[in-house]
Amino acid sequence: MEKTELRPAHVFEMFARINAVPRPSKREEKMIAFLKDFGESLGLETLVDAAGNVLIRKPATLGMENRPTIILQSHMDMVCEKNADVDFDFDKDAIQTYIDGEWMRAKGTTLGADDGIGCAMEMAILTDDTIKHGPLECVFTRDEETGLTGAEGMQPGFMTGQMLINLDSEDEGEIFVSCAGGCRTTATFRFTPEAAPADAFFLRLTVKGLTGGHSGDDIDKKRANANKLLARYLYDGLKAWGLRLSDIQAGGLHNAIPREASCLVCIPFKYKEQARVQWNLLAAAAQEEFSTTEPTMEFLLESADAAATVLPEDVNRRLILALQGVDNGVYAMSQDIPLVETSSNLASIRQTEPGVIFVNSSQRSSFLSNRLNMAHTVAAVFELAGAEVEIGEGYPGWAMNPKSELLRISREQYVRLFHKEPVVRGIHAGLECGLFSEKYPGLDMVSFGPTLRGVHSPDERLLIPTVDMVWRHLLAILENV
Ligand SMILES: [Zn+2]
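All values derive from a computational prediction rather than experimental measurement.

Cut-offs and rules
Residues numbered from 1 in each chain as written. Predicted model: local features only at pLDDT ≥ 70, side-chain atom pairs only at ≥ 80, totals over all residues. Helix = DSSP H or I, 4+ residues; strand = E, 2+ residues; numbered from the N terminus. Buried ≥ 20, exposed ≤ 12 C-beta atoms within 10 Å, placed from the backbone. Pairing = 2+ DSSP bridges. Axes fitted to C-alpha atoms, helices over the stretch in contact; angles between N-to-C directions. Parallel < 35°, antiparallel > 145°, perpendicular 65-115°, else oblique. Left-handed = near helix turned anticlockwise from the far one by under 90°. Contact = placed C-beta atoms within 7 Å. Nonpolar A, V, L, I, M, F, W, Y, C, P; charged D, E, K, R; others polar. Core = buried A, V, L, I, M, F, W, Y, C linked by C-beta atoms within 7 Å. Domains from an automatic or database assignment. Expected span 1.5 Å × (residues − 1).

(A) View of the overall build of the chain. In terms of helices and strands, the chain carries 11 helices and 23 strands. Each principal axis of the C-alpha atoms in the chain carries an extent, and together these give about 85 × 45 × 45 Å. Per-residue burial over the chain gives 46% buried out of 481 residues.

This is the structure:
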């Protein structure tokens, strides 16, 4: 295959310069120094804030001084992943790129196009005096990948523009206009374990092999939540035979849809067969309900050795009712775009020590108000059940502004250039724009970028022709805003 031409050459030159500078998340010192030198060497006002974010101001092209100030923003850090057989030091070595057909890749490491290609576009604009634009602020944020700490630490007033274009999206032709904020709600049940009933028959129940996924981005994909499946059986068993929990270890990471859940329960000996039948009924029902999304789901029921203790009857009942009652999954869809607006995920239920059961859940929404409402919905169920409940502080979301002038221009210029409509969408997960929307209320924002695949892995690759498309789109917006 013929080598794809690297266009615009200027952007790819800047990307090559960036890739010579080590910039792992939380260790961006060299990149901050590089950007500071870069801005100062151009004679431009260059600021570094206490969080390590860099801002370079470029005055308007002659005659365009009255245009609104545009902020162009990318994150300076990169995810550092390499193949096991590659000898590479992310704190010292330059990323080695190569061309593979229409794609740019790196030799055995992440490419750093997330978000180095966004930074490269900003640098190309800063050095090119033939581009027409109003006043510009080029912002390079620190540590997006491991906690959004640069955007979080940025103080109000550091940026002064009225509109912000974030260059950290991964699909050319898509314009992002919204993201979700999130928080965690936890519930703790404390009790003194009781001696197991005399005629008890113990069972170990396990649901496993589920698809799982991201608790925000995948919450609308009809994937089963292992904890909620188990809760269905616990509820049935409680009602039918006075089932008692002895132990529960269900779910895992707070930001993942749980793939596996297991518990040890007991029932009166005489209901042994009924318990088995009920389990098989649940398995059959779930396999039908999730026949497309959960092809490898497994339901295991094993007889187990008797445990010495179980939950007290009252706590047992309150916990099981709460697990059945708590809302889970999509709560509301956006009124403006096909996107989840508000959701909750029951992430884990674990007996962390005898007498302590800890339940962890997360809520997301593009509206702070509805995220709180969702968290309260979850909290209220556990409060009714007598648990100690805590709602974490969380991070803010970014709700779509249907009247956005920047979106209108971005759309119009895209259609003019490419004779097709861009896809306007949001993401049900956190972005830096969410943090900006909290500190800069009224800031008009969009997010787009060239096509990337395999991000955060050594398979990361950049679709070269989309860089030129995004570049032309960006310049058209700057000229016409
Ligand atoms: Zn990124």
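(B) Seen up close, the sheet that holds strand β4 (residues 97-100). Ordered in space as β4-β5-β23-β22, the 4 strands form an open sheet in which the pairing is antiparallel. Looking along the sheet, the strands with just one partner apiece sit at the ends: β4 and β22 (452-453). Where strand β5 (residues 103-106) lies against strand β23 (residues 461-463), 3 bridges are found, and the strand directions are antiparallel. If you follow Met-104 over to β23, its bridge partner there is Leu-462.

(C) Focus on the packing of helix α9 (residues 405-418) against helix α11 (residues 464-480). The contact between α9 and α11 brings their axes to 9 Å, and the two run at 125°. Considered as vectors, α9 and α11 are oriented oblique to each other. Crossing angle aside, the handedness with which α9 passes α11 is right-handed. Of the residues in α11, those touching α9 at Ile-409, Ser-410, Gln-413, Tyr-414, Leu-417 and Phe-418 are Met-469, Arg-472, His-473, Ala-476, Ile-477 and Asn-480. Considered class by class, the residues forming the contact of α9 with α11 number 7 nonpolar, 4 polar and 1 charged.

(D) Spotlight on the nonpolar core. Ranked by size, the top nonpolar core spans 75 residues in total, and within it Val-11, Leu-72, Ala-120, Met-121, Val-446 and Leu-462 carry the most contacts. Counting residues per element, this core draws most heavily on helix α3 (residues 113-127), which supplies 9 residues. Counting residues in hydrophobic clusters, the runner-up holds 49 residues, among them Ala-187, Tyr-233, Leu-319 and Ala-375.

(E) Seen up close, the environment of Thr-141. With respect to the helices and strands, the residue Thr-141 is situated in strand β6 (residues 136-141). Judged by local crowding, Thr-141 falls into the buried class, with 31 C-beta atoms found within 10 Å. With sequence-adjacent residues up to four places away left out, Thr-141 is seen in contact with Asn-53, Gln-73, His-75, Met-76, Gly-150, Ala-151 and Glu-432.

(F) Region of interest: the domain arrangement of the chain. Each domain of the chain was delimited in the assignment, giving domain 1 (9-180 + 398-480) and domain 2 (182-391). Placing the centre of domain 1 and that of domain 2 at their C-alpha centroids yields a distance of 41 Å. The interface is formed by 14 residues belonging to domain 1 together with 15 residues belonging to domain 2. Within the residue set of the side of domain 1 that touches domain 2, elements represented by two or more residues are β8 (174-179) and β20 (423-427). Grouping the constituent residues of the side of domain 1 that touches domain 2 by class yields 9 nonpolar, 4 polar and 1 charged.

(G) How the structure looks around unusual backbone geometry. In this chain, Arg-7 is followed by Pro-8 through a cis amide linkage whose omega measures -5°. Here the residue pair Asp-114 and Asp-115 is connected by a cis peptide bond, since its omega of 5° sits within 30 degrees of zero. Within the secondary structure, Asp-115 is located in helix α3. Its identity is not glycine, yet Asp-143 carries a phi of approximately 50°, on the positive side. Mapping Asp-143 onto the fold places it in the loop between β6 and α4 (149-153). The class for Asp-143 is buried, based on 23 C-beta atoms found within 10 Å. Positive phi, close to 55°, is recorded for Lys-222, a residue that is not glycine. Tracing the chain through its elements places Lys-222 in the loop between β11 (200-208) and α5 (226-241).

(H) Structural context of the packing of α5 against helix α6 (residues 272-289). Contact geometry of α5 with α6 gives a least axis separation of 11 Å together with a crossing angle of 145°. With respect to the hand of their crossing, α5 and α6 are arranged in right-handed fashion. Residues Leu-229, Arg-232, Tyr-233, Asp-236, Gly-237 and Trp-241 of α5 form the contact with α6, whose own contacting residues are Gln-274, Ala-275, Gln-278, Trp-279, Leu-282 and Ala-286. Considering only residue class, the contact of α5 with α6 consists of 7 nonpolar, 3 polar and 2 charged.

(I) Local environment of α3. With 15 residues, α3 should reach 21 Å at 1.5 Å per residue; the first-to-last C-alpha distance of 20 Å fits that figure. With 14 of 15 residues buried, α3 lies mostly within the body of the structure.

(J) The pairing of β5, seen in detail. Across 4 bridges, β4 lies against β5 in antiparallel orientation. The residue bridging Asp-100 from the neighbouring strand is Trp-103, located in β5. Counted along the chain from β4 to the antiparallel partner β5, the turn is 2 residues long, and its residue Gly-101 has a positive phi close to 65°.

(K) Up close: the pairing of strand β2 (residues 54-58). A large share of β2 lies buried, amounting to 4 of its 5 residues. The pairing of strand β1 (residues 45-48) with β2 spans 4 bridges and is classified as antiparallel. The partner of Glu-45 across the bridge, within β2, is Arg-57. Linking two consecutive strands that pair antiparallel, namely β1 and β2, is a turn of 5 residues; a positive phi of about 95° is found at Gly-52 within it. Where β2 meets β6, 5 bridges bridge the pair, whose relative direction is antiparallel. In the sheet register, Lys-58 faces β6, and the bridge partner there is Leu-136.

(L) Molecular detail of the environment of Asn-227. Mapping Asn-227 onto the fold places it in helix α5. Filtering out sequence-adjacent residues up to four positions away, Asn-227 remains in contact with Ala-250, Gly-251, Pro-258, Ala-261, Leu-346 and Ile-349.

(M) Spotlight on the environment of Ala-283. Positionally, Ala-283 belongs in helix α6. Judged by the 18 C-beta atoms lying within 10 Å of it, Ala-283 falls in the partly exposed class. In sequence terms Ala-283 and Leu-300 are 17 residues apart; their C-alpha atoms lie 9.1 Å from each other.

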